[in-house]
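Geometric and topological summary
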Protein chains: 2
Amino acid sequence: MIGIFDSGVGGMTVARAIEQCCPGYPLVYLGDLARMPYGPKSPAMITEYSHRNTEFLLRQGAQLIVIACNSAASTASSFLRSHYSQTIIDVIFPAVAKAAAISTTGRIGIIGTRATINSGAYEQRLQMARPDCEVHSQACPLLVPLVEEGWLNHRETKTIVKKYLHPLRDKQIDTLILGCTHYPLLKRVIAPRIGRRVHIIDSSVEVALHLKSILKADAELRTQLYDPDTPSRFFVSDMPSPVHGLAGTIFGRPVLLEQTDV
Amino acid sequence: MIGIFDSGVGGMTVARAIEQCCPGYPLVYLGDLARMPYGPKSPAMITEYSHRNTEFLLRQGAQLIVIACNSAASTASSFLRSHYSQTIIDVIFPAVAKAAAISTTGRIGIIGTRATINSGAYEQRLQMARPDCEVHSQACPLLVPLVEEGWLNHRETKTIVKKYLHPLRDKQIDTLILGCTHYPLLKRVIAPRIGRRVHIIDSSVEVALHLKSILKADAELRTQLYDPDTPSRFFVSDMPSPVHGLAGTIFGRPVLLEQTDV
């Protein structure tokens, strides 16, 4: 099974993209709603939670791990890679590779939570992928609460997005990475405010495409993971009332959620 | 010692009010930053966290517990009272008593997190304290993130506050309870938008006054808790970088924070 974890339900956008891109590969998803959000927590705490989440997914039979949470990917992926022999994919690398390839001017913007931006993970990997690039990043801590409120089209959301994007617009970026799984839900608010000509990269879509190319190249892994008769499972460490609705919205169908301790 | 817990640093407004109101009574504070915020979590999860926090404070020598978190007070205080013999004070009762006494028309408003409002705890206790009152409540989930961003005077904060308060204003309340420890920091934004004649009740101040009256009435408890030579201690379950600044802002002086597992 393909193990996927996130701090909440945002990472279900990644699960959904993988399901569409790689049909027949069962998923085991863990949303750590009991400790969410990870964005404002310390790197040590995010690493500890990511470690526990990975242990849980391996116990459930995961043979490959996708870190669907940008805050976890940016602070805990080196630890997890050094600690486990399984293949570990995170949401950062595929988005970085796409941005480095697609940008014409090399001026690339990143938006994310405070933990993601402060970690410098996107900047470092972009500099490695394309040393001539000029990276501009902006923490947008209010966007996750706004999405979770469902304020996708409110005037306040638009003015807050405009305020956050203003410095990136000033730098005339030509590519913007949405470095948080919640942000694709705001794409229609973000696009006109950053400028219609700016390429917007959705890390959920890129990680699914990256996984697809890994499976294509690795016959052994493909055989190990392909199992169209096993259904996907979705676990959460807490079950507050709005979670079912949000999961259903992301998947476009009802999703059976199972509660578990992590 | 007086034990105080909150999901984060917001409850330090309660600790500060108690320190000013009851000098010479050492405090032991726990901010559960590793699991904050409690507002969007399920009642079962909030109760479990509150239980663990109380155990921790008792191990540190607390002889009385103050639940400084409204989400915890509204969902977990009955459990804690049935489970422990120690006196347990929460932020809700004193604010309710004050509102019931001060309101002329009996039309009382409450604002808080989703967990606090959904629990109905304020409404139930207000109806008990004053059966003729008409209670109007409003969840304001974006205010905590806005305060934690330090956006206390931003235009966006003002329009969001106005939007949240609009239904309460329509109901012509004459008293408004700030049912979240973060909200007093927005008092200057809230007051003109709800109307200058509306009494605003700060639950932090009321809980400190309530504790003072309990100590005045109970000589044994006073003797047990009074200990001007023991310094107060402040624990957090995670130490993300902005926490020192926020704690210092609330106390008006540097505060030594100790990290602990809960």
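Residues numbered from 1 in each chain as written. Chains lettered and ligands numbered in written order. Predicted model: local features only at pLDDT ≥ 70, side-chain atom pairs only at ≥ 80, totals over all residues. Heavy atoms only, no water.

Focus: the confidence of the model for chain A
When pLDDT is averaged along chain A, the result is 94; 100% of the residues meet or exceed 70. Interface confidence for the predicted complex, given as ipTM, is 0.84, next to a pTM of 0.89. (pLDDT = per-residue confidence, 0-100.)

Concerning the sheet that holds strand S10 (residues 257–259) of chain B
All names here are of chain B. Taken together, the 6 strands give an open sheet; going across it, the order is S4-S3-S1-S2-S9-S10, and neighbouring strands pair in parallel fashion. The two strands at the open ends of the sheet, each matched to only one other strand, are strand S4 (87–90) and S10. Between one strand and the next, the sheet's axes are offset by a mean angle of 25°, whatever the strand orientation. Across 4 bridges, strand S3 (residues 64–67) lies against S4 in parallel orientation. In the strand pairing of S4, Leu64 is matched with Thr87. Contacts from helix H3 (residues 70–83) reach strand S1 (2–6), S3 and S4, with the element oriented near 170° to S4. (Pairing = 2+ DSSP bridges. Helix = DSSP H or I, 4+ residues; strand = E, 2+ residues; numbered from the N terminus. Axes fitted to C-alpha atoms, helices over the stretch in contact; angles between N-to-C directions. Contact = heavy atoms within 4.5 Å.)

With respect to the pattern of salt bridges
Residues and elements named next belong to chain A. For the structure on display, the rule yields 22 salt bridges over all chains. Its salt-bridge partner being Arg35, residue Asp32 comes within 2.8 Å of it at the nearest N-O pair. Here Arg130 and Asp132 are joined by a salt bridge, their closest N and O atoms 3.0 Å apart. What makes Asp132 exposed here is its relative accessible area of 55%. Each member of the salt-bridge network shares a partner with another, and the members are Arg16, Glu19 and Arg253. (Salt bridge = Lys/Arg side-chain N within 4 Å of Asp/Glu carboxyl O. Buried < 20%, exposed > 50% of the residue type's maximum accessible area, 1.4 Å probe, protein only.)

Thoughts on the relation of the copies chain A and chain B
For the pair chain A and chain B, the relating rotation is 180°, the translation along its axis is 0.0 Å, and the fit reaches an RMSD of 0.0 Å. One copy is carried onto the other by what is essentially a two-fold rotation axis. Considering only C-alpha atoms, the part of chain A nearest the rotation axis is Arg35 of chain A, at 2.4 Å. The share of interface residues of chain A whose copies in chain B are also at the interface is 100%, consistent with both copies meeting through the same surface. (Least-squares fit on C-alpha atoms with pLDDT ≥ 70 in both.)

With respect to the interface of chain A and chain B
Across the boundary between the two partners, chain A contributes 28 residues, which contact 28 residues of chain B. Regarding the contact of chain A and chain B, the summed buried area is about 2500 Å², with carbon and sulfur atoms giving 59% of it. Here chain A and chain B share 4 salt bridges between them. Between Glu156 of chain B and Lys163 of chain A there is a salt bridge whose closest N-O contact spans 2.9 Å. Looking at the side of chain A that touches chain B, the elements that each hand over two or more residues are helix H2 (43–59), helix H7 (143–148) and helix H8 (155–170) of chain A. Across the side of chain A that touches chain B, the residue classes tally to 16 nonpolar, 5 polar and 7 charged. (Buried area = accessible area lost by both parts, 1.4 Å probe. Nonpolar A, V, L, I, M, F, W, Y, C, P; charged D, E, K, R; others polar.)

Focus: the environment of Tyr25 of chain B
Residues and elements named next belong to chain B. Relative to the assigned elements, Tyr25 resides in the loop between helix H1 (12–21) and strand S2 (27–31). Using a relative accessible area of 12% as the deciding quantity, one classes Tyr25 as buried. Counting along the chain gives 151 residues from Tyr25 to Leu176, while the straight-line C-alpha distance between them is 30 Å. Setting aside residues up to four positions removed in sequence, Tyr25 forms contacts with Ile2, Leu215, Arg222, Leu225 and Tyr226.

As for the packing of aromatic side chains
Tallied over the entire structure, the rule returns 12 aromatic pairs over all chains. Ring centres of Tyr38 of chain A and Tyr49 of chain A lie 5.5 Å apart, and the angle between their planes is 35°; this geometry places the pair in the tilted category. In this pair, Tyr38 of chain A is assigned in the loop between strand S2 (27–31) and H2 and Tyr49 of chain A in helix H2, connecting sequence segments 11 residues apart. The same class applies to Tyr38 of chain A as to Tyr49 of chain A, namely buried. Judged by centre distance (5.1 Å) and plane angle (80°), the rings of Phe56 of chain A and Phe235 of chain A are edge-to-face. One end of the pair, Phe56 of chain A, is in helix H2; the other, Phe235 of chain A, is in strand S9 (residues 233–236), and 179 residues separate them in sequence. Just as Phe56 of chain A is buried, Phe235 of chain A falls in that class too. Positioned over the ring face of Tyr49 of chain A is Arg35 of chain A, at 5.6 Å from the centre of the ring. For the cation-ring pair, Lys163 of chain B lies above Trp151 of chain A, with the distance from its terminal atom to the ring centre recorded as 5.3 Å. (Phe/Tyr/Trp six-rings, centres within 6.5 Å; stacked < 30°, edge-to-face > 60°. Lys NZ or Arg CZ within 6 Å of the ring centre and 35° of its normal.)

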